[in-house]
Every structure is written in structure tokens, then in C-alpha cells.
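# Structure at a glance
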Amino acid sequence: MELFVFICATAMVLVGAIAVIVSPNPVHAALGLVLTLFGIAVHFVAMEAHFLAAVQVIVYAGAVVVLFLFVIMLLGVDRSEDLSIEPMPIQRPLAVVVGGGLSALVIAAVLRVRDTLGSDEVAAAGDTNIRALARNLYSDHVLAFELTSVLLIVAVVGTVVLTRRVRTSEDAS
Amino acid sequence: MLDALWLIPAAPLAGFILILLFGRRLGEPAAGYLAATMVAVSFAVTVGVFFDLLGNDEHHREHVLTLFSWVPVGDLQIDMALLADPLSITMALFITGIGSLIHLFAIGYMHGDPKFSKFFLYLNLFVFSMLMLVLGENLLVTFLGWEGVGACSYFLISFWHTRPSAATAGKKAFVTNRIGDWGVMLAMFLGFTTVGSVSYGALNHAAEEGGIATSTATGIALLLFVGAVGKSAQLPLYLWLPDAMEGPTPVSALIHAATMVTAGVFLMTRMNPMLAAAADWAPEIIAWTGAITALFAASIAVAQNDIKKVLAYSTVSQLGYMFLAVGSGAYVAAIFHMVTHAFFKALMFLGSGSVIHGMHEEQDMRRMGALRVMMPVTAGTFIIGWLAIAGVPPFAGFWSKDEILLFTLASSPVLYVIGLITAILTAYYMTRQVLMVFFGEARWESHAEDHGAHGEFRPHESPPVMLAPLVVLAGLSIVGGVIQLPSFGIIPKGWRHKLEDWLHPVVEPGEAVIKGTSAYDAKVWLAVLAIVCALSGIALAVAVYGRRRLRAIEPQLLADGWRYDAGVSAFMGGPGRRAFDALARFDARVVDGAVNGVATLVASTSGRVRRLQTGNVRSYAGIVGAGVVLVLIWFVIVRGVL
Amino acid sequence: MIAQSTIADYVAPGVDWFALSPYLVPAAGALVLMVVGALTPTWPRGLYAAFTAACAVGAGVLSLFVWDDITDGAPGTLVAGALSHDTFAHLVALTVLVATALVALVTDGTLRGTSGDGPEMYALMLVAAVGAMVMGAANDLIVLFLGLETLSLALYVMAASDRRRTASGEAGLKYFVLGGFASAFLLYGIALLYGAARSTNIGEIVEYFQTSVPTERNDALVLAGVALLVVGLGFKVAAVPFHVWSPDVYQGAPSNVTAFMASVGKAGAVAAMARVLIVALPFHRDDWRPVIWVLAVASLVVGSLLAVVQTDVKRMLAYSSVSHAGFLLVGIEAAGHRAGEDAAGSGLQSVLVYLALYGVLVVGSFGVITVVSAARGGSSDLASFDGLAQRRPVLALAMTVFLLAQAGVPLTSGFVAKWGVIQAAVDERSYAVAIIAMVAAVIAAFLYLRIMVSMWLKPADNDDAVAVPGLTAVAVGIAVAVTIAVGVYPQWLLDATDVVSQYAR
Amino acid sequence: MNPTTTWYLVLAAVLFGLGAIGLMVRRNPLVMFMCIELMLNAVNLSFVAFARSFADIDGQTAVFFVMVVAAAEVVVGLGIIISIMRRRPQATVDDLAELKG
Amino acid sequence: MVAATGSALAFPLLSMLVFIPAVGALAVTLMPRRRPEYAKLTAAVASVATGALTVWATQAFDTADDGFQFVSRHPWIEAWGISWHLGVDGISLFLVLLTGLLFPLAILGIDPHNDDPARDKPYFAWLLLLEAGVMGSFISLDLFLFFVFFEIVLVPMYFLIGGWGYEGRVYAATKFFLYTMVGSAFMLVSILATVFIARNNGLGYVTFDLVELANEAEFAASTGRWLFFGFAVAFAVKVPVFPLHTWLPDAHTQAPTAGSVVLAGVMLKLGTYGMLRFGLYLFPEAAYWSRYLWLTLATIGIIYGAIAATMQKDLKRLVAYSSVAHLGFIVLGTFAFTTQAITGSVIQMVNHGVSTGALFLMVGMIYERRHTRQIAELNGIQKVAPIFAAAFMVVMLSSIGVPGLNGFVGEFLVLIGSFATARWWVVIAATGVILAALYLLWAYQRVFHGEPDEENATFRELRWGEAMVILPFLAAIFFAGLYPKPMLDRIEPAVDALVERVAEHTDFEIPTPTIAGEDDR
């Protein structure tokens, strides 16, 4: 059963990811991203990280991707991108080498240490997962938690700065 | 008077300073008389010192006067010190004596020259330098004078510096002399390194004691000889002397005949113990150089038409005689010939100056002739000089030349033959000169129109101030031989070898060395042979130029001085200059080019690397990604897996 | 065991508010700016800047008091081990705060009278400063990441903030895309390191490596993690080849923002790198040192070489800052030789001193560029400096001081900084890198000379009135004073910073 | 056969690599941005997998923070993209290459 | 006043030598812009005061002491073991004096010809700063301090060349700056390595103090050689030693007259002085070991510089190349390790400063009158300006090395001292003496001899003001040539100590004549 879940979710993740990369239309790419995010959420559930799975769906698949789509619509940039042309000839081979190399090297590292990784037993029961997370968040990581608020200030101020109307000659013309 | 030794150089130095400060205000002729007086004072003091020394017994005829410590560093302690001994005083006597005469002459000769006082400024400086040269207690003081006379010679040769030829000649003299100076300096270095001193006393003492290895002594002697070759215009460095005739004639007389050019001979004589300690072939080199130079220069003199050029080559030739003497061990003879040569060559140069003066700056003998009528005193004195140099007894030149030939035969018959041939040539070309200038028809009349706007051109006799020195020198040329009469039977014992006895503490007695050789035994016959040679040379010249019995042989090759000068000039101006130019270009293109090349390389590399910075964010991501992969490979593969 | 835990077990971690005050004051200042600024009409002349500078200076003063506390007592950690309470952190904080204050003053000159004038930019600056300070103080990799993101996000926005120039937007986008890319690497590195050492807390990581039996070590994982961390931080430091963003962004961003990036941004990034490598990973120093060596050399050479061929002054200084990054990496490399040992050498000190001095210098430099390019409609082309000495001799003199200092001429702070780094390297016998660094400095000197030539030796090709706003003049003046004072008498700074090698974890 | 931690980690690595490839080949800034999200998700997956294998909650906390950062990043990123693309709606990143050298 | 020796002096003499010009520079900078004449006045006062102090120092110098005198030592950057440590010994004394005397002449006697009087201010400020830097370099006894001064000198010189030079000034200034900095890069690393290696090898603490390092530190031969190499590169560039000399002709030619005078007069000596003070003194073994390299390069420099000078078309460039040749003698003497040779080197440093300084000065005057330095465009000057020509002649003869003038003493001592230890190099180097005559006389002939053409016929004779500037040079030329003893007496003890130090640390044997120099007078 777990294996089946794993395979299905993995398929979702990878198909979604590939869709993001290859679909010419940004809307389709966004949908691919949703698929990947759902797949990840499934994995989270499989790994007993229920709270994160929920957040993943709500924040990521819900808010973030919606935001993407919203921007796409707002700017009207939903025109397809012609992926058959690559102005920089070296770019795609390089991308494959870099991406493949990255994956391969990390996988190599992972495989090399797989015996020493911890036990695979499930850590916590479902309902205590949230509790444990909360406890951890408000004790060990309380500073980091507070720091996120500063981060959000940046986000807020940033949008204000970036979206404020400016008087420019270009605007006038 | 010995303590007044410093006055000998100081007087002309004072003259120099006074003229430097007040020369323009003094003007003509006061500056000239001041300069002449200073040299005369110097002469007077020298005479005083001479008699002081003469009063001492022969082992105490040496006096050192230390003025101040000049260059004291560690072992090297060089004083500014003067040495009065028979050799230096002999030199000083004729330098100051002839010097004052020439100063006197110059007052007349330089009449009207806008730079009149400056001329005497240089002249006094020259006398000072020359005196430092001969009076120096060590090689460095001598070197001070040595370079000083070189510099003065440069100033005086290029005295009329607006003439390019004069300027070039001055430069040539200086540079050529410097080649010789290189040798003198190295000799000093070698001497100091070996002996720890550059004073003559220490060096010669060490040489006499046998403390110096033969090779070292040879090195020192030959290096000094290199200097002597430069200063005394021997082959291969004689080039500058004929050109030096660009200077005013008194300069030629004083510097390029009587004094400076003999400095080389003086130096070799001064260091004679070193030469004695050197390998046997060292004196031979000197003798051969002298002999070849003597013959070579005499052969050139035969075909010269410039009145001063003849005398210049003659000087080179006579200097060759002196080196022949030095190389044969006849130091006394060398000094003897130096003194007599100073008399008669100064006389003839001044005479030629008088002629040039009277001929309004004409120097070409082909435009002269029959001047004995117009310039009787000049002609008379010049003829005395001619007889002296030609080796006709009893004039001074005969005695000294004869003594040299005697020694030469004792050491090498081949050199003797060369000497004899040179003697014949000397008599020949001097007779030729006398005939062309003072006898025959007056060729100057036909060229009168060339000389300015005067309606009528007539050579005139010079003023008394110029003639007086001529007369004095003529007298000396006649009787100069008395200072070193040979031991011929007809000569009273008390009159013989005066110079040799006088010089004895400095130079090993002369004839004693060759006593017992066949040459010595045949000395009277040799004298006769020399006289015959001289007379035959004269006769030949009379036949050619006087009676026109024979056609003159004046090949262009000889007139061009065997094309040696031209060859050297061609080399210096051609390959030499090209090589220098090549080096300058090498510096600009290669050495500096390498530096600029690095800069260019930096710029071009930057330009190439810069193209990676395309501005496209995706390619940036590629670069970053590639970097990531490389870093990962290092960490995971190199450090982790391997 | 987690499963059995209950709420009752929860103990709130102790918070030493005083020790945190240097971080809180700017954050609070940012909030005040935002809230009060939003609710009130535009503040009068220069008050935003003055307020910002006051916050920074206030925080700096607090930081000095805290510093005193630390040197009196002992370094430790704060808030459940999230932050280090050591002089290292506070030296970085002081660097950041001073730079922030100076940049605020310069910013006033740039923004006053434009539509961009408002509290937002200043708030961003203060918040970014907090991020940079946190990076220097972080004792937990997650905290470090959050600090880095705080700083970075603020910088992205600031870079893109000049909407009048398209270059600004381009710079913001490039910075953002590549920054996100690099953040992902950094984060992945943290994840892998977490996977190996079972914690993100630096103290616990070090403890793990200290105590775990070697056979148990997950070395490959650690190494992959370190690799990605080095990349992520190297990007922020702008080390070659992860520097690609910096010239474009430095050039495109408004000059005052560039000043902020080059000072505060670099300080945070280098401090974070030092934290991670020297404090957290001393046991892998032999693994990362060669990489840092290569990055250092590459940065020195490429930075200097490319700086020379630029024609835009900001771009020149961007590449020169890459070269400076190389110098900083030389210091880190030197510190790496004895990382974690008691006799740690002066590498870390030299890096932090370099950062502090460079921060002031670069703000001064860009301060001058700000006013000069303002007179040319934002163009920072080299030609706009032609004949500056005739038009504004004092300004030109100030710029000359900064340039000479950047070139490392003695009696300027730049010399002290370089000397410190090079001596640390030589002390560790890294002769090769020391010589390369010095030669690179010579190449870079050519670039400073070019600017000086332009200012002093070329005739003015225009008579643009270069107006120097008051606060900018103050900032530049302070920077000059610091540059020369430290150059002439660095003793006090060196004495004071001697303690930074005693860091906490 | 149950999926082990290693499986998750391998999947994460692959996903991360795909994200990187996407970033390098796509020209639309929005899609590039999505690719960054892919990479961040790969990291999250790793974190959770590690956390599970150690029975440690820290990893999950970290993921929580990453999500916050991602959200903030999206806000800022989209803000920048809007501010640029409002003027040039069809611009790709290839067109934004005025600054170079 | 009694000279304090080896100990601190109540009056901080040496510190004043640095501070007076430095403060003067600051004062000049702060002068009101409208009154440029104050700038010159201030500069003159500061430089004359400094000069007066150097004269006093020379007079008060204890000739019996081979150590450092007028020592002043205060902690500066204790964290790095750096102190403000100043002192002079025989080797540096006359360079200090030369610096002290050359600057007032350059400031008072050479008109910068600013079209805009406002430019006087920076000009004099840079000159004073330069003086402070040069002075500091010569009296520093701390490696760090020396490096600071050595580097700081570049900045004013850069601006002087770049700001007040001729056509190619920016190129020349930049080349000068970068070239020297490359050398310094090596030196800096070497200084640091020296200090740390010394600390690790027994010294136990970090100090940049020259004396402490020299006395306490021991370096393994191979280490010492590397360290020496680092120093030597910097000094070789500064000297400059062939083939690192190409910055010099450009810098000299393009620099304004005062710049050329100072550059040739004292700045090049930073290299040769550094070689003695830091090369030989700190690393006798390495210096001795590498002597053949230096002797060869020096000899090449002598010949090469002279030949290159012969072919120059620009009078100033010719003088610049002659510097390459003259400096070659100094290097030759330095690496011959005998008392005479090194003393000669020190003397030659001073003498070259005087004679080449004077040459540049007079070339500057020619340029001022004719607005050209091309030899081909000059002729017949001696006819219209005999006094000028005479002065030039004296300076030229000094440069050629005619005995009785200063140039000879140094060259002679170098050569005679080197002969014992470097015979064949001397044989070749001595030919440089011939070449010197060749290129200078040739140039002289072309410029001064002959009939002046139209443009040169109005060449202005030396004015009184100019004569007053040249006169001190001429006085120095004659004095040092005829009576160098006061100089030698002060230089020799320090050189002796240095030579003995080399002999102690190497298998070098101080050469003694094979025959003891017994005096039979």
C-alpha cells in the first residue's frame, strides 16, 4: 500500500514538474505546478507530516498558485512561449548537464550514506504531529518564527514600493 | 722650495679661477698675460724645486707633500698628495717652461678672438691638470690630471665649436681617450686589489720586491699601456690626434705635441718596476706597438698637405719612438726624446701657427711656398726644428733618437730596422714640408683672391710676442741634446749622461743595461748610420720637392691614412650604429613591449571573459549551475567518494 | 518521545531582551516608519533619513553596550540557541548599522523630491539591516536562512525600486531570479546537512561531529550539503563564478541601493559564510578550504580583470567589489587553516575588520557616485566624472580618498584591511594566494587610477551642476574621516576586535 | 517493500534537478519562478524525509519556515515581475539584457 | 649640542622630518584658493625648515658610531607589533640630507607653470607629501613603516606626473604606479612572511622592527632566499634593474621638471637603499647567494642603459636612460660586498641624485625656453648662452664621471671595491664609462655646438634666479668630488658593520690585498 501511494504521488510530482518545464503556456505550467505540489502533499501525508500536508495544499496549491494565475491573467501573458527556439545554443545542453549533474551528485551522496540514515519507523501519531510541531516552533524556533514576521514586513513594504504609481516620462507618453 | 711644491699646480689653478671670475673684465690681452704669468710662476717654483732636489743626494731626491685625505675608505686610503722626484720635476719643468712660452705665443695668436680670455682659462686649467698628472703621488691623482687634460683637450679642440668639424674632433678625442682610461682604471683596481694601495711608492715597491705575481704585474702594466695608447695616440687609438688639429695652433703645440700626449710615456716610465716585473712579452708588445705606430704614422705624414696634419702624424710617429724606447727598456731615452721632442715639436707647431697666422688661416701647404722671405724668423726657427727632428747632429733630436735606436738594436734588430726606416721617412717628410712652405715658388699669390676682400694678399711676419717663444724654443732645440750626451769618446766625461744620472732614483740606469752587447760596442757606427739615414731622407726629399728630379709619390691611400679612420668611422656609423639602434628598438619593442604586452593581454583576456557576461539571466543561471556542479564534484566525488 | 509530549511540557525559552535590543530597535523603527508614515502626511525634509539613521545609531550604541557585556562576561547563545551572543555577531551588527545609517543619509539626497520619497525605502533598509545582522549572529541554519531571505527580499525590492529607469527593474528581476535560484541551493544544503547532523542548530551540529563515532558519519551527505551551502553563500558574497548577477545589479540599481548592497549585503553574506564554514564546519575545513581558495583566486583575478575594461563607474566598482570579495575569501581561507582551534589566528578578525572598513568605504564611494550621476540624469558613465576636480574639488578629493583606500594605499583604512587579510594568509603560509591577491590588487588599482585620471586630469566636458545634498555630504564626510582615521591609527580597532575569534555556538 | 527515506531523497534530488533545468531553459519569468518553487519543494521533501528517519520534528519546522519564505518570495517576486511586465507584457528574460559586459 | 647616539633624542628630530612636510602639505591644502602665492610660501617654509634640520642632523652625526642615531621609537599598532621607529645611520644619512636639500630647490627654484594659479596649491601639496614619504622611507626602521612610506610615495608622484607632466603623462604615470605596485605586492608578502617566520623560529612574538628582526631572527637558507626575493623584486623595480626599467624613461620624460628631479634625485634610491637596508641587512645569506644574478643584471643595465641612451632622440629620455646605467653601478657595488664598493654605492646614490637632478633641471630649462626636448631641434646653444652651456657641461662631466667631480668618486669606489669580488663584471662595467662619454658628449655636441639656427638664436641665457638654483648643485658637484672625506667618514662605519654582518652569515671573506698595504713613503 505504501509503495503504491509512493509511486502514485511520485508520478504526480514528476509529471507535474515536467509539465512546468515543457508546457509552452504559462497557465499550463501553473497547473503542472499544482500537480507537483499535490504530489508532495501526498508524500507528506505518507510520512505522517499531516500539518505540513495541509499547509502545502492550502498555502501552496491554494494561495501561491492562485497568485501565479492571477498575475498571468492580470498581465495577460498567457500567450504560449515558443520552446522550439533556443537563442543560446549551449543553454539546453548545459541545463541538462547542470540539472542532471546536480541530481546525480546528490543522489550519489544519498546512496553512499543510505545505511547510516535513521530508522524508517513512523515518528508520531497523527494528532500529536501538530502539537509537537507547535511545541518545537514556540520553543526552539521561536526566534525564527518571529523573524518570519519581519520577513512579512518586507513582503508588504516591498509590494507597496513596487506597485506605487510613479510619474515617469514613459508613463506620460 | 720643496714645501712650496703645491704652488706648482696651484699657480695655474689660481690663474684659472681668476680668469673664470674676472676674465671678461680683464679682456685682451690682460687675461693672456695673467695666464702666462701664472705658468711662469709655476715654472719658477719648479726650477726652485729642481735645484732643491739636485742638492740632495740621489737617494733623497723624493719629496711627498700630502695636501689632504681624498678618498679614504677602509683599506683604500688615497691622499691628494704630490710627489716631487726627478721624473716628475723633469716633466714639470718642460711643461711649465714650454707652457709659458706657448701662453706667450697664444697672446699674439689669439689676438682679436672674441673668446680670448676663455682660451686662456682653458689653457691654465690644462696646465694645472697636466701638472697634477705628473706630480701625482698615486695613480688616482694622476688619473685626476689624466682626465683633466682629456677634458681640457676636449674644450680646446672644440674651442671653435660652431664649426661642426671642431666639435666632432673634440668629442672624438674625449671618447677615444676614455677607451684608454678604461685601462688605467682597471690597472688601478688590479693594483689596489693586489697591493692594497694605488700609490706609486707602494705599487713599485711591491713590484721591485717581487711581491706581485708575474701575471698580475703583466696585467697592470698592459692595462696601463692601454691607457697610454689612448692618451699618447698609438695604434689603434691614434685617430683622435690628427683630428685634434681643429683646435687653435697653440693648443696643438702645447697639448698635442709637447705635453699631454707624452703622458702615456710618462706613466709607463713611472711604473717601470711593474713593467720589469711583468712577463717578458709585455714590453715586447709595447715596443712593437710603438714601432709599428712610428712607421705607420710616418708613412701617412709623407702624403699630407695640411701643414698641421703633417706635424700631427709626425707627433704620432715620434710618440711611437718613445714607446719603442719604453718597450726596449730605454726609459731614460724615452724621457730624453720626450723632452727634445717637446722642444722641437712645440717649435714647429708654433712655427706653423705663425705661418697660418701670417697666411690668414691658410693651412694647405700647396698654397704656400717661398715664405722664408716674408717670414724670416719663423722660417729660420722652423728650419732648426726641422734639422732637429730629422736627426741631424748636433741638434737635440739626433741625440735622443740615436739613443733610442741604440737600445732598440740591443733588444731586437727587426725593430731597429723599422726605427731606421721611420727615421728616413721622418727626414723625408719634414724636408718635404719645409720645402713646400718656405722654399720654391710662392703659390699663394695665385690664390690671393680667395682670401677676403683685401686688394692685395701678402703673408706677413708675426708680432714679437709670437716670435720670442720661437726663438727660445729654437735655441733649446739646438742645445737640448746636452742633457743626455752619449759616452762617445769625443764627449768629455763630465758632460755625459746628465739626464740618466738625474733620473737614476726613478729609472734604472740606462746604458748599463745594454753594456756589453754588440750594439753597445758599435754605438759610434750606429750613430753614423743614423746620420746617413737622416741625410739620405733629406736628400731624397730635396730631389723630389726641391729639384724636381723625381716625381712625388703621394698615393691617395697614404693621404687617407691607410683609410683606417674612414674604416672605423664607417664601422661606427654603419654596423655599430645599427647595433645600437637595434638595441634601442629592442628596448622599446621587446622589453617595454613585454610590459605593454602584459597590459594588452590583460585587456584582451578581460574582453574575452567579459563576453560571458551576456546580460541574459538564463546564461547567468547556467554559469552558476556549472559552478555548482563543479563544487559538488569536488566535495562529493573528490573529497567524498575518492 | 515526541508523541508523548504534552502542552504541559512546554517551557517558553528565556529571552534576554537587552541582548536582543540591537535587532529589535531597527525592526521597531521599520514598523514605526511604516505605520506612522502611512498614517501621516509626508514628513518634512530629511526626517525619514534622520529617523532611520537614528534607529541605526541607537541600535549601534546598544550593540556597543551589549559588546561590553559580552567581553565582561562570556559569549553565549540567545533564545534557545537561535542566535549567538558574541562579539563576532556584534561587530557584524555594528558594521551593518553604521553602513545603514550612512546609506540612509545618502538615500535622502537621492529620493528627496521624487515620487520615491517616502517611508518605505527606509523601512526596507532597516528591515534588511536586521536580516544582515541576523545572518551574522545566526546560530541556527534556519535562522540564518531567514535572515538571508529578509535581507535578500528587501534588496530585490530596493534594486527594482527606481521605476524611472528600466535598468532598475531589470536589475531587480535578475537579482530576484538568480537570488531565488541560489537560495534554493542554500536551502538544499541546509537540508542535507540536517540529514547528516540531525539538527540545524550550529551548536548541535558541531557537537554531533565532535561526539559521533567516525564510522557513523554521513560524510558524503555532509559534503554535498557543504557544497551547496558554499554555493548559496558564495552567490550572496558574489564570489566568482557566482558573481554573475552583481555587475548588472550594481549598475542597474539606484546608486544608494548599490551602496547598501555592497556594504550591508556583503557584510551579511560574508558574515554568514564565516559562521557556517568556520564556526559550524571546522571539522571539514580541509574539505572546504581548497574550494574557498579557488573561489578567492577566481574572484580576485576575474573581478580585477573585468573591472579594468568597464566604462561605467558603478560597474567598475561592482567588479572591484567582486575582487574585494576575493580578499575576504582569502581571509576566510586563512581562518580555515585553524578553524575550531584555540589559537585560531587572526583570519576571522581580519575578515570582519575588512568588512567593517570596506562597508564604510563603499558607502562613501557610492555616495559620491550618487551625487555625480544625479547630475547626469542617473548615468554613471566614467565620462560624467571628467574634470570633477575642477567643478567640485572637495568631492573629488573625497572620492580620491575612497579610491586610494580601495586600492589599498597606506594610511587609509583600505590598507589596514588588506594588510590584515594578507598577514593572516601569510601567517598560515598561504603565500601563493597572498601574492595573487596583491597582484590582483595592482590590476584593480589601474581601475581606480582611471577614475582618478578622469576626475583630476581630464577637462570637464560639461558643466553639469553637481549638487551635494547636505546629508549626503555628512555621510561622505564621515566615511572620509573613518577611512583616514583608521588608516592612520588602526590600533584601537584592532585591539577592540581582537576578541571576535572567541565566538559562541 | 516500503519506500525508505532514500527513495524520498532520490525523488527530491530529481525534482530539484528538474527545477534547475526549468529555470535555465524557460524564458518566461513567471515560469522560471515556478521552477524555483519546484526546487524549494524538493528541499521540503528532503527535510520531511530526514525528519521522519530521525523521528525529529525539527525538519518539519524547517519546512514550515520554508513555506513562509516561499510565500513572501512569491509576493515580492510577483511584485517585481508586475512592475516590469506592466510596461512590456510580452517580455521574456532574454529581452531584459541591457545590462551586460 | 651634543649628538645623541643610539638613543632617543629629546628633540624628535627624525619625526619632525616627516611631520613638517606632511603638516606643510595639509596647510597648503587649506590655504585660501584666491591666494595661490601663500601656497608656495608655505611650501617653501616647510621644505626649508626640513632641509635645515637635515643639515643639522648631518653636522651632529657621530662619525664614530656605526649604529642608528637620533633614534625615535614609539608604539604605533601594537596589535601587529608595529612601532614608529626611526633612525639614521651612515647609509641613510646623506640620502636624508639630499632629500632635505633637493626639495627646497625644487619648490623654490622650479616654476610649475600653471596656467591656472589655483593649480599651484595641489602642486605644492603633492610635492610636500612626496617629501614626507621619501623622507619617511629613508629613516624607517620598521618594516611596516617602511612599506607604508614606500607606497605612499607613489600617490603624490602619480599626481605630479599625471597632473603637471607632458603629452604622454597619464600613460607614464599609470605605468609608473602599476609597475611599482607589482613590486610592492611581492614585498608586502615577503615582509609578512619574514615577520611570521621569525616569530615561529625562535623570536616568539610578532614584530616588524628591523633591528630586532635582524638581530634575533634566523632564517633557514632556502627560506631567507625566498623572502629576499620578495623584497628584491620590489627594489629591483624601483631602482630599476634591467629588465624592469621601462617605466623609468616614460616617467622621467613625462614628469614635470620638479618631478623628474625628485624622481631621479631621491626616489630611485628608495630601491637601492632598500636593497642595502632590507636586502643585505636582513638576508645577508640570500643576498650573497644571489650576488651573481645581481652583478650580471647590474652590468647589463650599465651597458644597456648607456647604449639605449645613445640612441634617444629626446634629451630627457636620454638622461633617463643614463640613470639606468648609473643605477647599475650602485647595484653592482651593493652586491660586491666590500666596504669600498658599498660605500661607493651610497656615495653614488647621492651623487647621481645631484648630477642627474641637475641635468633634469637644466633640460627643464631648455624645454621652458624652446618648448621642445628633441635633440634634433636644438643646436648651437653654447654660442648664445655660454654660461648655461658651461653649467650644463660641468654637470655633464660629473655625470660622465670625470675625476674631481662628484660622479667619479662613487663610480670609482664601486668599481675598485667590486674588483676584488667581481672582477669580470667590473671589467665589463667599466666600459660603461666610455659609453657615458659617448652618449653625453654626442648629445652635447648636437644641442650646444654648431651654429644656432633661427629658433635657437634667441635662446635666453641663464637668469640670476635660475643660476641660484643651479649653483648649489655645482657646489655639491665640486665639493663631493674634491673632498668627499666628510661623507665617507660618516658612511663607512655603517657600511663596515654591514659588510661584517654579511661575512658573519655567509662564507664570504672580506677581501684583503694579497700584499699588505705597507707604506714605504
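Structure shown above.
Conventions we followed
- Residues numbered from 1 in each chain as written.
- Chains lettered and ligands numbered in written order.
- Predicted model: local features only at pLDDT ≥ 70, side-chain atom pairs only at ≥ 80, totals over all residues.
- Heavy atoms only, no water.
- Helix = DSSP H or I, 4+ residues; strand = E, 2+ residues; numbered from the N terminus.
- Buried < 20%, exposed > 50% of the residue type's maximum accessible area, 1.4 Å probe, protein only.
- Contact = heavy atoms within 4.5 Å.
- Areas by Shrake-Rupley, 256 points an atom, 1.4 Å probe, with all protein chains shown as cover.
- Lys, Arg positive; Asp, Glu negative; His and termini not counted.
- Charge placed at Lys NZ, Arg CZ, Asp CG, Glu CD.
- Patch = residues over 30% accessible without salt bridge, like charges linked within 9 Å, V, L, I, M, F, W, Y side chains within 5 Å.
- Salt bridge = Lys/Arg side-chain N within 4 Å of Asp/Glu carboxyl O.
- 1 Å grid on protein atoms, 1.4 Å probe; cavity = no way out; pocket = protein on both sides within 12 Å on 5 of 7 lines; lining within 4 Å.
- Points joined across faces, edges and corners; volume = space filled by probe spheres on them.
- Nonpolar A, V, L, I, M, F, W, Y, C, P; charged D, E, K, R; others polar.
- Pairing = 2+ DSSP bridges.

Within chain D one finds three helices and zero strands. Projected onto its principal axes, the C-alpha coordinates of chain D cover approximately 50 × 25 × 25 Å. For chain D, buried positions account for 82% of its 101 residues. Here the analysis covers contacts within chain D between residues at least 6 apart in sequence; of these, 61% occur between residues at least 24 apart. Total accessible area computed for chain D in this model is approximately 2,000 Å², and 58% of it derives from carbon and sulfur atoms. Charge centroids of chain D, computed over 7 positive and 7 negative side chains, lie 11 Å from each other.

Let us look at the side chain of S477 of chain B. Along the chain, S477 of chain B turns up in helix α20 (residues 464-479). Judged by relative accessible area, which is 0%, S477 of chain B ranks as buried.

On to a positive patch on the surface. On the surface, R577, R585 and R589 of chain B together with K313 of chain E cluster together into a patch of positive charge. The topology assignment puts K313 of chain E in the loop between α13 (291-310) and α14 (315-334). Residue class for K313 of chain E comes out exposed when judged on its relative accessible area of 60%.

Attention now goes to empty space enclosed by the protein. Evaluation of the coordinates by the stated rule reveals 16 cavities of 30 Å³ or more. Estimates place the volume of the second largest cavity at around 110 Å³. Taken together, 15 residues line the second largest cavity, and the ones lying closest to its centre are G408, F415 and M438 of chain C together with E151 and L188 of chain E. Mapped by element, the contributors of at least two residues to the lining of the second largest cavity are α16 (413-427) and α17 (431-457) of chain C together with α5 (143-152) and α7 (169-203) of chain E. Its residues placed into classes, the lining of the second largest cavity shows eleven nonpolar, two polar and two charged.

Turning our eyes to something else, we now look at the pattern of salt bridges. This structure, assessed with the given rule, holds 39 salt bridges over all chains. Across the pair R366 of chain B and D364 of chain B runs a salt bridge, and its minimum N-O distance is 3.0 Å. E167 of chain E is the partner of R373 of chain E in a salt bridge, and the nearest nitrogen-oxygen pair spans 3.6 Å. Of this pair, R373 of chain E sits in the loop between α15 (339-370) and α16 (381-384) while E167 of chain E sits in the loop between α6 (154-164) and α7, and the two are 206 residues apart along the sequence. Classification of R373 of chain E as buried rests on a relative accessible area of 7%. Taken together, the salt bridges that share partners define one network made up of E86 and R92 of chain A, R618 of chain B together with D94 of chain D.

Residues and elements named next belong to chain B. Relative to strand β2 (residues 76-84), strand β1 (residues 63-73) is paired through nine bridges, and the arrangement is antiparallel. Residue pairing for β2: P72 is matched across the bridge by Q77. A loop of two residues connects β1 with β2, the two strands running antiparallel in sequence, and G74 in this loop sits at a positive phi of about 55°.

In short, geometric facts, not functional conclusions.
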